[in-house]
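Each chain, written out:
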Amino acid sequence: MGNSSSASLPYKISPTPTTPASSPQSHGWAIHSATRKTDNGPVTAFQASKAELARTPLRKNPSLNQLIPALHHFHRIKRLIHPRILRAHATLDTDYPSSATGSDAPS
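Counting restarts for each chain: residues are numbered from 1 in the order of the written sequence. Local features in a predicted model are, by the rule used here, given only for residues with pLDDT of at least 70; side-chain atom pairs are given and counted only at 80 or more, and totals for whole chains, interfaces and linings are based on all residues. To obtain the side-chain values, all non-hydrogen atoms of the structure were included, while hydrogens and water were left out.

**Q** How would you summarise the overall build of the chain if you had to cite specific residues and measurements?
**A** Labels follow the DSSP assignment, with helices taken as runs of H or I lasting at least four residues and strands as runs of E lasting at least two, numbered in each case from the N terminus. A count of helical and extended segments in the chain gives two helices and seven strands. Reading the chain from its N end, one meets helices and strands in the order β-β-β-α-α-β-β-β-β. The 107 residues of the chain split such that 23% are buried. The contact criterion used is simple: two residues touch if any of their non-hydrogen atoms lie within 4.5 Å. A separation threshold of at least 6 residues defines the contact pool for the chain, and within that pool the share at least 24 residues apart is 32%. Here the Shrake-Rupley method, with its probe set to 1.4 Å, supplies the accessible areas, and only the displayed protein chains count as covering residues. Looking at the chain as shown, the accessible area adds up to about 7,400 Å², and 56% of this sits on carbon and sulfur atoms. Accessibility here uses a 1.4 Å probe with only protein chains present; expressed as a share of the type maximum, an area under 20% marks a residue as buried, one over 50% as exposed, and anything in between as partly exposed.

**Q** Could you give me a rundown of unusual backbone geometry, with the residues and numbers involved?
**A** Although it is not a glycine, asparagine 40 sits at a positive phi angle of roughly 60°. Tracing the chain through its elements places asparagine 40 in the loop between β2 (29-36) and β3 (42-48).

**Q** Could you give an account of the sheet that holds strand β1 (residues 11-13), naming the residues involved and the relevant values?
**A** Whether two strands pair comes down to DSSP finding at least two bridges between them. Spatially, β1-β2-β3 is the arrangement adopted by the three strands of the open sheet, whose pairing is antiparallel. Each edge of the open sheet carries a strand with a single partner, namely β1 and β3. Neighbour-to-neighbour, the strand axes of the sheet open up by a mean angle of 40°, direction not taken into account. Relative to β2, β1 runs antiparallel, the two being bridged by three bridges. What sits directly across from lysine 12, in β2, is threonine 35. Angular values range over 0 to 180 degrees, each being the angle between N-to-C directions of two axes fitted as lines to C-alpha atoms, with helices fitted over their stretch in contact.

**Q** Describe the nonpolar core, with residues and values.
**A** As used here, the term nonpolar core means buried Ala, Val, Leu, Ile, Met, Phe, Trp, Tyr and Cys residues forming a set that is joined through side-chain atoms within 4.5 Å. Counting residues in each nonpolar core, the largest one holds six residues, listed as Leu9, Tyr11, Ala34, Val43, Ala45 and Leu92. In contact with alanine 45, other than residues within four places in its own chain, are Ile13, Ala30, Ile31, His32 and Ala34.

**Q** So what's going on with the side chain of histidine 32? Which residues, and what values?
**A** Tracing the sequence through the fold places histidine 32 in strand β2. Among the polar contacts made by the side chain of histidine 32, one reaches the main-chain carbonyl oxygen of serine 14 at a distance of 2.7 Å. The definition of a polar contact used here is a pair of N or O atoms within 3.5 Å, where within protein one atom must be able to donate a hydrogen and the other to accept one, and adjacent residues in sequence count solely through side-chain atom pairs. Within the structure, the side chain of histidine 32 is placed 3.0 Å from the side chain of glutamine 47, a separation counted as a polar contact.

**Q** I'd like a description of a nonpolar patch on the surface, backed by residues and values.
**A** Together, Leu80, Ile85 and Leu86 give the surface a local cluster of nonpolar side chains, amounting to about 270 Å² of exposed area. Residue position: leucine 86 is located in strand β5 (residues 86-87). By relative accessible area, which is 35% here, leucine 86 ends up partly exposed. Like-charged residues within 9 Å of one another, or nonpolar side chains (Val, Leu, Ile, Met, Phe, Trp, Tyr) within 5 Å, are grouped into patches, provided each residue has over 30% relative accessible area and no salt bridge. Salt bridges are counted wherever a side-chain nitrogen of Lys or Arg sits within 4 Å of a carboxyl oxygen of Asp or Glu.

**Q** Can you lay out the pairing of β3 for me, pointing to particular residues and giving the numbers?
**A** Walk down a regular strand and you will see the side chains alternate between the two sheet faces. When β2 meets β3, the two strands line up antiparallel, connected through seven bridges. Its bridge partner lying in β3, serine 33 is registered against threonine 44.

**Q** Provide a residue-level description of helix α2 (residues 67-77), including the pertinent values.
**A** Those residues of α2 not exposed but buried are Leu67, Ala70 and Phe74. The buried residues of α2 all sit within an arc of 60° when viewed along its axis, so they share a single face. Summarising the contacts, the buried residues of α2 are in contact with β2, α1 (50-55) and β6 (90-91). This arc corresponds to the set of directions leading from the helix axis out to the C-beta atoms.

The structure is reproduced here in structure tokens:
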């Protein structure tokens, strides 16, 4: 959000998160409302700051941070499909914007 490379995603993402990354329940992830550009259908966009995740300790082991687990889940979510509940339609790593994936196929 706020980064021009997010314009390549097939979604219009609200710049203001519904749940900010600083919220205790967010674990470093901001949650944004969004709509598909093709049909204005509602979707949810998750945004994480690598710097913020690197500063956020894991609950089970406070000597570790949340960055490595978040990167693992970022790559795993691209392959996960749970019909009618969860599907990653597009991803964007702003450190590597050329690796963006996107599909505007409705769920």
